[in-house]
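# Results of the structural survey
Letter by letter, the chains look like this.
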Amino acid sequence: MKKRFRVTYNAPVTLTFAIICTLILLLDQFALNSKLIPALFIVPGNAKAAVSFNWAAPLDYIRLFTHVFGHDGWIHLLNNLAFILLLGPLMEERYGSGMVCLMMAVTAFVTGVINVCFIPSSLMGASGIAFMLIILAAVSTLNKNEIPLSFVFVISVYVAKEILSPSLSNISTIAHIAGGLCGSLFGFLVSPKRKVSAAPAKSKSDSSDRTLTVKERLAQIDRESPRYSANRSSSRDDDATVIGTIKL
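Residues numbered from 1 in each chain as written. Predicted model: local features only at pLDDT ≥ 70, side-chain atom pairs only at ≥ 80, totals over all residues. Heavy atoms only, no water.

Let's shift gears to the overall build of the protein. When helices and strands are tallied, the protein shows twelve helices and zero strands. Taken across its 248 residues, the protein has 38% of its residues classed as buried. Contacts in the protein between residues at least 24 apart in sequence constitute 73% of all its contacts with a sequence separation of at least 6. By element, 65% of the accessible surface of the protein is carried by carbon and sulfur atoms, the whole surface being about 16000 Å². (Helix = DSSP H or I, 4+ residues; strand = E, 2+ residues; numbered from the N terminus. Buried < 20%, exposed > 50% of the residue type's maximum accessible area, 1.4 Å probe, protein only. Contact = heavy atoms within 4.5 Å. Areas by Shrake-Rupley, 256 points an atom, 1.4 Å probe, with all protein chains shown as cover.)

Enumeration over the complete set of coordinates arrives at one salt bridge. One salt bridge in this structure joins aspartate 60 and arginine 63, with 3.1 Å as the shortest N-O distance. You can see aspartate 60 and its partner arginine 63 sitting in helix α3 (residues 58–66), three residues apart, about one turn around the helix. When sorted by exposure, aspartate 60 lands in the same class as arginine 63, which is buried. (Salt bridge = Lys/Arg side-chain N within 4 Å of Asp/Glu carboxyl O.)

In this model, the protein carries an average pLDDT of 78, and 71% of its residues clear a pLDDT of 70 or more. By mean pLDDT, helix α12 (residues 236–244) is the weakest element of the protein at 46, and helix α1 (residues 12–30) is the strongest at 95. Note that residues 201–209 has pLDDT below 50 and, in this model, one contact with residues that lie over four places away or in other chains. (pLDDT = per-residue confidence, 0-100.)

Here helix α8 (residues 173–189) is 17 residues long and its end C-alpha atoms lie 24 Å apart, about the 24 Å a rise of 1.5 Å per residue gives. The set of residues buried in α8 consists of Thr173, Ala175, His176, Ala178, Gly179, Gly180, Cys182, Gly183, Ser184, Phe186 and Gly187. (Expected span 1.5 Å × (residues − 1).)

Turning to the layout of surface pockets, a few remarks are in order. Approximately 180 Å³ is the volume found for the second largest pocket. Looking at the second largest pocket, the residues that line it are Val13, Thr16, Phe17, Ile20, Phe65, Val68, Phe69, Cys101, Met104, Ala105, Ala108 and Ile129. Broken down by secondary-structure element, the contributors of at least two residues to the lining of the second largest pocket are α1 and α5 (97–118). (1 Å grid on protein atoms, 1.4 Å probe; cavity = no way out; pocket = protein on both sides within 12 Å on 5 of 7 lines; lining within 4 Å. Points joined across faces, edges and corners; volume = space filled by probe spheres on them.)

Of all hydrophobic cores here, the largest spans 39 residues; its most connected members are Phe17, Met104, Ile129, Met132 and Leu133. Mapped by element, the contributors of at least two residues to this core are α1, α2 (36–40), α4 (74–95), α5, α6 (127–139) and α8. Among all residues touching isoleucine 129, those that are not within four sequence positions of it are Phe17, Val68, Ile84, Met104 and Thr107. Membership of the second largest hydrophobic core comes to six residues, among which are Val43, Phe53, Leu123 and Ala175. (Core = buried A, V, L, I, M, F, W, Y, C linked by side-chain atoms within 4.5 Å.)

Given 3.6 residues per turn, any residue in an α-helix points the same way as the ones three and four places further on. Compared with an ideal rise of 1.5 Å per residue, which puts 22 residues at 32 Å, α5 spans 32 Å between its outermost C-alpha atoms and is within 8% of the ideal. What α5 keeps buried is the set Val100, Met103, Met104, Thr107, Ala108, Thr111, Gly112, Asn115 and Val116. Residues of α5 that are buried sit in contact with α1, α3, α4, α6 and α8.

Here it is as structure tokens:
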């Protein structure tokens, strides 16, 4: 009988995040005339920004988390999803979906707060989360006594890209670096989830031997070897002493 192939929702947090980002951009461009993302999915900048953070508006506090779902266009979205969809499932398998969701939320909040406090422009996009996953995956390969050369290359390329390439509109280099720092902290502070290993199966003979008492074992020897009991001149107490020294 042939096995049927089936599609599995293997990384619920990563896949749900990607679907939400895609749906928001679709609605913004084709249904709401580019008004959805500016209204809900952009975090304002500091006091010098054209649109500054309003400390009295509850919606602005929500934007500290939701800005990661908004993107400036399809190129911006696809660049971020290329990293997130590649590394997210691996990190969910290593740390668990709940922990990865918490990491994303913390990274969104940290990058949002940094933008509100220091950046004179608005911020949107999941670049911070993408770089958090990049550094988290690199840190996960570290060992106590060695540093993989691949980790050094990843950090070098990451830092060089942020320094040499100019930032696009509404995409903050500082937010990228903050996301990378969050990933490094998570990698050192969060332990991977424990894998439940199946206990080795016990053989029938082993389990039966462990449950037998000394007297039951003597009776079993008598049944299996009649000549043993017939030729023995010692008492049952001696037999119990002898049997007690045998490793069953």
